[in-house]
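Descriptive analysis of the structure
Residues per chain are reported as follows:
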Amino acid sequence: MRLAVIGAGSIGLAVAWRAARRGAEVTVFDPDPGSGASRVAAGMIAAVTEAEFGEEDMIPFMAESAEAWPSFAAELEEASGIAVGHRDAPTLMVGLEDGDRAEIDRQSGLYRSTGREVRALPGRESRKVEPLLSHRTRGGVLVPGDHAVDPRAVHEALLAAAERAGAAFRAERVTDPADVDADRVVLAAGCGCADFGLPIRPVRGAVLRLRAGTGRPAPRTVVRGRVAGHPLYIVSRDSGEVVVGSTSDERGLDPTTGTAGAAHDLLRRSIDLVPEIAEYHLEEVSVGFRPTAPDNLPLLGHLDARTIAATGHYRHGIALIPATAAYVADLVFGADTAVRKAFDPLRFEEGP
Ligand SMILES: Cc1cc2nc3c(=O)[nH]c(=O)nc-3n(C[C@H](O)[C@H](O)[C@H](O)COP(=O)(O)OP(=O)(O)OC[C@H]3O[C@@H](n4cnc5c(N)ncnc54)[C@H](O)[C@@H]3O)c2cc1C
């Protein structure tokens, strides 16, 4: 079977890799692989602390993907020869002020509904788990099963693995998927899927990449926090990289405006939470666009007999790589997969 995958972000590549390994003749189209959100992301695999009211349909899919990540990472490293920085350190969600702590307590009922482990922690206990936290921290919750991966390494590894599995790459922008010569076509062009008529909007986000100098400590957990009402996360990697994020706005596809203000706010709040960050080297400010459907849930499934949507992963596209790749590869091969109705890409179409 000849499969065309449009978009070489991590979603498209993971589908391409899985399908090529199952015997499809795969061609991936992208004028600039990795130029989308996949190489901007922080890399949290957060089935609990990413749970949001109104997005409960995501919870089982996020849990399934989080469970799959350790073996997916091992397999990907084996197939590509590239380490993907999967780290099983726990996640701490803490508040800096009483109002922030109250908001976390409100959210923790939803966290517990995921069925995964969530432990309440008073301020002093949270500083035992993460000694770099500010003394002002009011405590929060510890989530042992929310982990992280290095999304840039994952993207590189997926490129190598897809290529080694036999996928061909064409550095071309597709304007009309109907013109692509293939038996099946997967639309995985992130925010570019809006050009194919899919209901996708770009949700812009900025993150900072910093580096703890030699001998300087970095947080050993993923630190998520609320600082005076604003959410924030700090993700450390074994490489010494520390990612601080993120902003969120919907002002179109311009990556250049507002980065100074975004960097200022993220730095100030992250230093409030982890004062040691003031001593780090600031290496990069990057902006990406989260491909987002009207209800913030993915668009996964058939648009017609030949065309399958694999987009709309919003804030969760890295966390959802393993589950998406497995589900979409099954759809490509026509396997008898239980259809995920909540993610039906045609759910916004008006009935007759
Ligand atoms: C600041 C920020 C932080 C994030 N943090 C996290 C996180 O911690 N955890 C998490 O799970 N997710 C996170 N995300 C979300 C995640 O990055 C996205 O959901 C995910 O990367 C989407 O991947 P994708 O492959 O669908 O799209 P993209 O990575 O955007 O890739 C789309 C690709 O399609 C190509 N393309 C576009 N149009 C065409 C066309 N017409 N023809 C051919 N190719 C085309 C582009 O060149 C691009 O390479 C974050 C996102 C941002 C912006």
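Residues numbered from 1 in each chain as written. Predicted model: local features only at pLDDT ≥ 70, side-chain atom pairs only at ≥ 80, totals over all residues. Heavy atoms only, no water.

1. Focus: the side chain of Ser 126
Within the secondary structure, Ser 126 is located in helix 4 (residues 123-129). At a separation of 2.7 Å, a polar atom in the side chain of Ser 126 contacts the main-chain carbonyl oxygen of Gly 123. Excluding residues that lie within four positions of it along the chain, Ser 126 makes contacts with Leu 92, Val 94, Leu 121, Leu 133, Thr 137 and Gly 139. (Helix = DSSP H or I, 4+ residues; strand = E, 2+ residues; numbered from the N terminus. Polar contact = N/O pair within 3.5 Å; in protein donor to acceptor, adjacent residues only side chain to side chain. Contact = heavy atoms within 4.5 Å.)

2. Brief notes about the sheet that holds strand 5 (residues 119-121)
Neighbouring strands of a sheet are bound in pairs by backbone hydrogen bonds; such pairs are parallel or else antiparallel. Pairing is mixed in the open sheet, where eight strands are placed in the order 5-6-4-11-12-13-10-14. In the strand order of this sheet, the two ends are held by strand 5 and strand 14 (281-292), each with one partner. Strand-to-strand twist across the sheet, computed as the mean angle between neighbouring axes with direction ignored, equals 20°. Direction of pairing for strand 12 (residues 230-236) relative to strand 13 (residues 241-245): antiparallel, over a ladder of four bridges. Considered in strand 13, the bridge of Tyr 233 is made with Gly 245. (Pairing = 2+ DSSP bridges. Axes fitted to C-alpha atoms, helices over the stretch in contact; angles between N-to-C directions.)

3. Quick word on the domain arrangement of the chain
Looking at the assigned domains, one finds that the chain contains domain 1 (1-86 + 147-200 + 293-352) and domain 2 (91-144 + 203-288). Each of domain 1 and domain 2 was reduced to a C-alpha centroid, and the two centroids are 27 Å apart. Across the boundary between the two partners, domain 1 contributes 25 residues, which contact 25 residues of domain 2. Taking both partners together, domain 1 and domain 2 bury about 2,100 Å²; carbon and sulfur atoms supply 62% of that area. Along the contact surface separating domain 1 from domain 2 lie four salt bridges. When the shortest N-O distance is used, the salt bridge between Arg 237 and Asp 150 registers 3.9 Å. Our count for the contact surface shared by domain 1 and domain 2 stands at ten residue pairs in polar contact (both at pLDDT 80 or more). Taken together, the elements giving at least two residues each to the side of domain 1 that touches domain 2 come down to helix 2 (59-80), strand 7 (147-148) and helix 5 (151-164). (Domains from an automatic or database assignment. Buried area = accessible area lost by both parts, 1.4 Å probe. Salt bridge = Lys/Arg side-chain N within 4 Å of Asp/Glu carboxyl O.)

4. Thoughts on the site of the ligand
Taken together, 38 residues are adjacent to the ligand, and Asp 30, Ser 38, Tyr 314, Arg 315 and Ala 319 come closest. Between Ile 11 and the ligand, the recorded distance is 3.1 Å, taken from a backbone N or O atom to an oxygen atom. Between the ligand and Ala 42, the relevant distance is 3.2 Å, taken from a nitrogen atom to a main-chain nitrogen or oxygen of the residue. In isolation the ligand has 1,000 Å² of accessible area, and contact with the protein removes 95% of it. Counting only elements with at least two residues in the shell around the ligand, the list comes to helix 1 (10-21), strand 10 (201-211) and strand 14. Class assignment for the residues of the shell around the ligand results in 17 nonpolar, 15 polar and six charged. (Near = heavy atom within 4 Å. Areas by Shrake-Rupley, 256 points an atom, 1.4 Å probe, with all protein chains shown as cover. Nonpolar A, V, L, I, M, F, W, Y, C, P; charged D, E, K, R; others polar.)

5. Re the packing of helix 2 against helix 5
Packing of helix 2 against helix 5 leaves a shortest axis separation of 8 Å and a crossing angle of 60°. In terms of orientation, helix 2 and helix 5 fall into the oblique class. Considering only the axes of helix 2 and helix 5, their crossing is left-handed. Here Trp 69, Phe 72, Leu 76, Ala 79 and Ser 80 of helix 2 lie close against helix 5, whose contacting residues are Val 154, Ala 157, Leu 158, Ala 160, Ala 161 and Arg 164. (Parallel < 35°, antiparallel > 145°, perpendicular 65-115°, else oblique. Left-handed = near helix turned anticlockwise from the far one by under 90°.)

6. So, unusual backbone geometry
The omega angle of the peptide bond from Gly 245 to Ser 246 is -15°, so this bond is cis rather than trans. By the secondary structure assignment, Ser 246 is in the loop between strand 13 and helix 6 (259-273). In this model, Asn 296 sits at a positive phi of 65°, which is unusual for a non-glycine residue. Mapped onto the elements of the fold, Asn 296 is located in the loop between strand 14 and strand 15 (299-302). For Asn 296, a relative accessible area of 16% gives the class buried. Phi at Tyr 314 is positive, roughly 50°, even though this residue is not glycine. Among the secondary structure elements, Tyr 314 is positioned in the loop between strand 16 (307-311) and helix 7 (321-332). (Buried < 20%, exposed > 50% of the residue type's maximum accessible area, 1.4 Å probe, protein only.)

7. Details of the packing of helix 1 against helix 2
Between helix 1 and helix 2, the shortest axis-to-axis distance is 13 Å and the interhelical angle comes to 75°. The angle between helix 1 and helix 2 places the two elements in the roughly perpendicular class. Every residue of helix 2 that contacts helix 1 at Trp 17, Arg 18 and Arg 21 is listed here: Phe 72, Glu 75, Leu 76 and Ala 79. Class assignment of the residues belonging to the contact of helix 1 with helix 2 gives a composition of four nonpolar, no polar and three charged.

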